[in-house]
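Chain residues, written in single-letter form:
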Amino acid sequence: MSTTSTLIQFRLNGEPVSRQVEPHHTLLELVRECGLHGARESCGQGLCGCCTIVVNGQAVTGCIYPAMHAEEAEVGTIEGLEQDGQLDPVQQAFMDAGALQCGFCTPGFILMARQLLQQNSEPSDHEIRHFLAGNLCRCGAYPEIIEAVKLAGQRMRAAA
Amino acid sequence: MNDTNTPERQVGRRIDRLESRSKVTGTADYTHNVVLPRMLHAKIVRSVHAHARILSIDTSAAAAVPGVVKVVTAQDVMRVIPDPHYGPAFHDQPILAIDKVRHIGEPVAVVLSDDVHIAETAAALVSVEYEVLPAVFDEVQAANNTDVLVHDVLRPAGTFPDLKHLAGRKGTNVALDYRLRHGDVKTAFAQAAHVFDHTFRTQQVVHVPLEPMVSIAQPLDRRIIIHTASQSPSFVRLEIARLLGWAENQVQVKTRLLGGGFGAKLYIKLEALAVALALIAHRPVRVALTMEEQFYMITKHATTFRIRSAVDADGRITARHCEVYWNGGAYADIGPRVTQKSGFTAGGPYDIANLDIDSYQVYTNLPPAGAFRGFGITQVVWAYESQADLIAHKLGMDPVAFRRLNLLENGRPHATGTVLKDAGLRLVLDRVASAMDWDKPLDRGTGTVRRGRGIGLGFKALVAPTTSVATITAGGDGSCTLLISTVEMGQGSDTAMAIVAADVLGLRAEDIRVVNPDTDVTPYDMATLGSRSTFSMGNAVKQAAQDLLDKVRALAQEVGLPFEGTRNISTLLKKKFGMQAGTVVGTGSFVPPYQSPDADGRSPDITPNWMVGGTGIEVEVDTETGQFRIVRMENVVDCGTPLNPKVVQTQITGAAIQQLGATFLEKMEFDAEGQLRNASFSEYKIPGILDLPHQMGYAAVDSQQSTGPFGAKGLGESGCFGVASAMAQAIDDAVGVRIVSLPITPEAVYRALAEQRGEPLANTDSTP
């Protein structure tokens, strides 16, 4: 064990976790070492959104976010959305709208779409595009993703 | 016969992908996630020169880093694999560079460690001394000039008959020359009313699947398991077995869901390196690329296409000569197949009585080029459709009318001699035109904002010869499992195959379990490429399902009970075995008809089917800045019967959006020494959500592929075909400038507008 490592404690999808981390470890590495693989490394530069993780309610790019900053934080990943076998409305809308192909970028889009809908339950096309501009989908499922966000917003408003 | 449990047809149902729930919950299983006990991480030391002799490699500083298990060079590789050259068409690519490097980023050495960060740090300490050699980058120059030879001797793999004559050839960079000779081109040109001569270029681009390439080799007693994000597990198995001199059954290749492929993960990529490292280290080894490293692994061919056409007074194309140079980079990969298959249709979907084609696969000192969504078709469509628009313009004809006049009709022989059948060329063209309201006048804008529109149409011959084998089992409770080596990479193949099987078996597609490819378990399939799975594997799956029903019927007869399709399999098995036990197995295989071309490039059976795609684009161009905006894009394909309309939709629009990247955003930028300047998403922009056309439509025409499963054929690529040329035409239509080299950037448009005004700008581009 390196002398630079630090023991940190945080909550991961609501459960308490303590881990030894190094200064160069990213939050993405940390959650993946915890066995959660929904956040993924793709560009490695915080430019594609595949590594999106929620820290204290705020979506961050996990591949460039220092693991040590998770100390005492509430860390949320895509795996934390499903409750008692029920998908989150945004997850369900992505399925229903067919808003995914290879699926590698999908968790990042869903987490960002949730952030948007929390701030604005009825976003326009323009607002959806603007908010999701930092997430990339090489399969080009963007039209269906826009539909999914609208559909989720409709359902969330109807349920509210 | 109707042996169905459920009356509902499966073909044509809009159903969710079988794996979609796992994809929205983050639990989807990718090779990216595989972690094995005692697994080492490999970091690759890469060449910093495009062409150089390796004088020495000093690994001592790297090996001295605490935590480094081993530093590996080609000398170590050759102790476990004496001839470490691999490749599907040529055995030209060394696992690690031997004596020479031939492109920037070529793997030279590898550092192994339990900790990926230690491996990365140590890799930077490996010191390689080079003697830099002159390099060649341009495909036309490399083909016609032998001052710089990328390879001293050509080494075809022997699997393709049209490459055998190249064995042992020296003094050339041309790795395949496909030629077609049809009619009398020379005489037709001499008699032509109009002659057109244009050269169009495409740039080198890269697939960048968001799951970067990854392979993990796990050595066991006299066998090896390879977990790999591959589109072709069957090929990996046979190529690794060949390299090791082992039997195929000693090599087990397992794939999972792929986080995108697009051709990048075809044939053999990191697997040979992972296997060599695992055999050297006697431990599992993970080789995983970063996004930057993907730029050095495999790319899409840059091309130069000179197209000359003879046209009569009525606007009919009477003769054409196509000369296509494909920049294959330093290693052939599957480039020679791209050159040949796209060579077949380089003349375009037109009825041309006299046609010559020369298509050359050329070695250069750039990163290798292979197949990228379309297998070379997008490059040839770019040229022949761009020229179609230029001819129509010159003759004062409407671009759609010009195409309608020249279109090849079903029942007419294509220039290769193969008769066109089940190809919805006219259907697609007409549908694009109607979706674009082509007959109505366009609002052309005012002042500095001008509007224009264009249409592009392309077609493609299917890759052949190929083999697909499928197995379906029914267990003791009658539930069915489909075993195929088709790789689910986002195209929806697992679902499509389940639909085909379920339709035959009278089940719901969701009730069929589709097993991920595992060469110990799933039977042979050539590869998941070129939109071949729906057609080829679909036919094999349909046959396997029918065979399963035949086996159930025989079982019913054997045990003396009525045959009720899949409904009473459990009863039949229970009667036979006395308990819930046993398995019924159905198998099927499919080899589409195909005949290799003769010396003139002709064959009565060049393709098992024709795929068709067309695009219409309307743009708005700012004449002061060259900036443009796609107001509207309509994409139409002929995919025969849409098996699953929900996936068909995303495949059409997704292909078109991806092709927008190559059309106006993406270009690998090399400097004069062959150094890549933009190997990152910060500088190499792929289409994002803000790049979407303002309005997008899609359609699949009402058509049937008579030889396909339930009338279906592939469509993963068709949405790409017509995009680029439609864009060039739309811009030309708007502001009167013609871009002949991709990508069509605002800067390119601005420069062309400046030149149009008689104020040309200085060229600052140093790209070789």
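Residues numbered from 1 in each chain as written. Chains lettered and ligands numbered in written order. Predicted model: local features only at pLDDT ≥ 70, side-chain atom pairs only at ≥ 80, totals over all residues.

1. Examining the overall build of chain B
Argument step 1. The helix and strand inventory of chain B stands at 19 helices and 28 strands.
Argument step 2. Taken over the C-alpha trace, chain B has a radius of gyration of 27 Å; the compact-globule value for 768 residues is 27 Å, and the two agree within 12%.
Argument step 3. Within chain B, the fraction of its 768 residues that count as buried is 60%.
Argument step 4. Restricting the contact set of chain B to residue pairs at least 6 apart, pairs at least 24 apart contribute 80%. (Helix = DSSP H or I, 4+ residues; strand = E, 2+ residues; numbered from the N terminus. Rg over C-alpha atoms; globule rule 2.2 N^0.38 Å. Buried ≥ 20, exposed ≤ 12 C-beta atoms within 10 Å, placed from the backbone. Contact = placed C-beta atoms within 7 Å.)

2. Some points on the overall build of chain A
Argument step 1. Regarding its fold elements, chain A presents five helices and five strands.
Argument step 2. In chain A, the succession of α and β elements from N to C terminus is β-β-α-β-β-β-α-α-α-α.
Argument step 3. Over its C-alpha atoms chain A spans a radius of gyration of 16 Å, differing by no more than 12% from the 15 Å that the globule rule assigns to 160 residues.
Argument step 4. The buried share of chain A, reckoned over its 160 residues, is 52%.
Argument step 5. Considering only residue pairs separated by 6 or more positions, chain A has 60% of its internal contacts joining residues 24 or more positions apart.

3. A look at the packing of helix 11 (residues 377-395) of chain B against helix 12 (residues 399-406) of chain B
Residues and elements named next belong to chain B.
Argument step 1. Between helix 11 and helix 12, the shortest axis-to-axis distance is 9 Å and the interhelical angle comes to 110°. Judged by the angle between their axes, helix 11 and helix 12 are roughly perpendicular. Each of A388, D389, I391 and A392 in helix 11 lies in contact with helix 12, whose residues at this interface are P399, F402 and R403.
Argument step 2. For the contact of helix 11 with helix 12, a count of residues per class yields five nonpolar, no polar and two charged. (Axes fitted to C-alpha atoms, helices over the stretch in contact; angles between N-to-C directions. Parallel < 35°, antiparallel > 145°, perpendicular 65-115°, else oblique. Nonpolar A, V, L, I, M, F, W, Y, C, P; charged D, E, K, R; others polar.)

4. Observations regarding the packing of helix 15 (residues 533-559) of chain B against helix 16 (residues 569-577) of chain B
Residues and elements named next belong to chain B.
Argument step 1. Contact geometry of helix 15 with helix 16 gives a least axis separation of 10 Å together with a crossing angle of 45°. By the angle class used here, helix 15 and helix 16 are oblique. As for the relative orientation of helix 15 and helix 16, their crossing is left-handed in sense. Note on element contacts: helix 16 touches helix 15 through I569, L572, K575 and K576, opposite V552, L555, A556 and V559.
Argument step 2. A per-class count over the contact of helix 15 with helix 16 returns six nonpolar, no polar and two charged. (Left-handed = near helix turned anticlockwise from the far one by under 90°.)

5. With respect to the domain arrangement of chain A
Residue and element names in this part refer to chain A.
Argument step 1. With domains assigned, chain A is organised as domain 1 (6-80) and domain 2 (89-159).
Argument step 2. Inter-centroid distance (C-alpha atoms) of domain 1 to domain 2 is 22 Å.
Argument step 3. Listed per partner, the contact involves eleven residues of domain 1 and eleven residues of domain 2.
Argument step 4. For the side of domain 1 that touches domain 2, a count of residues per class yields six nonpolar, four polar and one charged. (Domains from an automatic or database assignment.)

6. Focus on the sheet that holds strand 1 (residues 40-46) of chain B
Residue and element names in this part refer to chain B.
Argument step 1. Sheet architecture is open: seven strands sit in the order 3-7-1-14-11-12-13, paired in mixed fashion. Every interior strand has two partners, whereas the edge strands, strand 3 (68-73) and strand 13 (251-254), have only one. In this sheet, adjacent strand axes meet at a mean angle of 20° when their direction is disregarded.
Argument step 2. Both strand 11 (residues 214-220) and strand 12 (residues 223-228) contribute to a ladder of six bridges, which runs antiparallel. Within the sheet, the bridge partner assigned to L220 lies in strand 12 and is R223.
Argument step 3. Across the sheet, helix 7 (residues 233-244) lies against strand 12 and strand 13, angled at about 155° from strand 13, the strand it touches most.
Argument step 4. Strand contacts of helix 8 (residues 271-281): strand 1, strand 3, strand 7 (107-113), strand 11, strand 12 and strand 14 (285-288), with the helix running at about 35° to strand 11, the strand carrying the most contacts. (Pairing = 2+ DSSP bridges.)

7. What to know about the interface of chain A and chain B
Argument step 1. Contacts between the two partners involve 40 residues from chain A and, on the opposite side, 43 residues from chain B.
Argument step 2. Looking at the side of chain A that touches chain B, the elements that each hand over two or more residues are helix 2 (89-96), helix 3 (106-119) and helix 5 (142-159) of chain A.
Argument step 3. Its residues placed into classes, the side of chain A that touches chain B shows 21 nonpolar, 13 polar and six charged.

8. Remarks on helix 14 (residues 493-505) of chain B
Along an α-helix, a turn takes 3.6 residues, which lines up residues three or four apart on a common side.
Residue and element names in this part refer to chain B.
Argument step 1. Relative to the 18 Å expected for 13 residues at 1.5 Å per residue, helix 14 spans 18 Å between its end C-alpha atoms, a close match to the ideal helical length.
Argument step 2. Along helix 14, 13 of the 13 residues are buried, which leaves the element largely enclosed by surrounding structure.
Argument step 3. Looking one or two residues past helix 14, G506 carries a phi angle of roughly 75°, positive in sign. (Expected span 1.5 Å × (residues − 1).)

9. As for the nonpolar core
Argument step 1. Of all hydrophobic cores here, the largest spans 302 residues; its most connected members are A274(B), L277(B), V285(B), L482(B), A501(B), V541(B) and I731(B).
Argument step 2. Those residues in contact with I731(B), other than ones at most four positions away along the chain, are G452(B), V619(B), V621(B), F628(B), V737(B), I739(B), I744(B) and V749(B). (Core = buried A, V, L, I, M, F, W, Y, C linked by C-beta atoms within 7 Å.)

10. Looking at the environment of D622(B)
All names here are of chain B.
Argument step 1. Residue placement: D622 occurs in strand 26 (residues 610-622).
Argument step 2. On the basis of neighbour count, D622 is assigned to the buried category, with 20 C-beta atoms found within 10 Å.
Argument step 3. Note: C-alpha distance between D622 and D221 (401 residues apart in sequence) is 66 Å.
Argument step 4. With residues up to four places along the chain from it excluded, the contact list for D622 reads T448, V449 and Q627.

11. Description of the domain arrangement of chain B
Residues and elements named next belong to chain B.
Argument step 1. When the domains of chain B are assigned, the result is domain 1 (20-30 + 466-590), domain 2 (36-134 + 210-260 + 264-297) and domain 3 (299-463 + 598-756).
Argument step 2. Computed from C-alpha atoms alone, the centre-to-centre distance between domain 1 and domain 3 is 37 Å.
Argument step 3. Contact residues are listed per partner, giving 18 residues for domain 1 and 20 residues for domain 3.
Argument step 4. For the side of domain 1 that touches domain 3, the elements supplying multiple residues, two or more each, are helix 14 and helix 15.
Argument step 5. The element best represented in the side of domain 1 that touches domain 3 is helix 15, accounting for six residues.
Argument step 6. Taken together, the residues of the side of domain 1 that touches domain 3 sort by class into five nonpolar, ten polar and three charged.

12. Points about the sheet that holds strand 26 of chain B
All names here are of chain B.
Argument step 1. Pairing within the open sheet is mixed, and its five strands lie in the order 20-21-26-27-28. Taken across any chain shown, the strands that pair with only one partner, and hence form the sheet edges, are strand 20 (445-446) and strand 28 (695-700).
Argument step 2. In this structure, strand 26 lies alongside strand 27 (residues 628-638), joined through ten bridges in antiparallel fashion. Residue pairing for strand 27: G614 is matched across the bridge by V636.

13. Some thoughts on unusual backbone geometry
All names here are of chain B.
Argument step 1. Residue P465 follows A464 across a cis peptide bond; omega there is -5°.
Argument step 2. Of note, P465 is situated in the loop between strand 21 (449-461) and strand 22 (468-474).
Argument step 3. A cis amide bond, omega 0°, links L742 with the succeeding residue P743.
Argument step 4. Summarising the element assignment, P743 is placed in the loop between helix 18 (723-735) and helix 19 (746-756).
Argument step 5. In this structure, D333 is a non-glycine residue whose phi angle is positive, near 45°.

14. Quick word on helix 2 of chain A
Argument step 1. Within helix 2 of chain A, the full set of buried residues consists of V90(A), Q91(A), A93(A) and F94(A). Axial view of helix 2 of chain A: buried residues confined to an arc of 165°, hence all on one face.
Argument step 2. Buried-residue contacts for helix 2 of chain A involve helix 3 and helix 5 of chain A together with helix 1 (20-25) of chain B.
Argument step 3. Looking one or two places after helix 2 of chain A, you find G98(A), whose phi comes out positive at around 65°. (Arc of directions from axis to C-beta.)

15. Here's the deal with the environment of A122(B)
Residues and elements named next belong to chain B.
Argument step 1. Looking at where A122 falls in the secondary structure, it is placed in helix 4 (residues 116-123).
Argument step 2. Measuring from C-alpha to C-alpha, the distance between A122 and T345 comes to 49 Å, with 223 residues separating the pair along the chain.
Argument step 3. Sequence-distant contacts of A122, that is, excluding residues within four places in its chain, are made with A62, V65, V68, V111 and S113.

16. With respect to the confidence of the model for chain B
Argument step 1. On average, chain B scores 96 in pLDDT, and the residues at 70 or more come to 98%.
Argument step 2. Among the scores for the predicted complex, ipTM is 0.98 and pTM is 0.97. (pLDDT = per-residue confidence, 0-100.)

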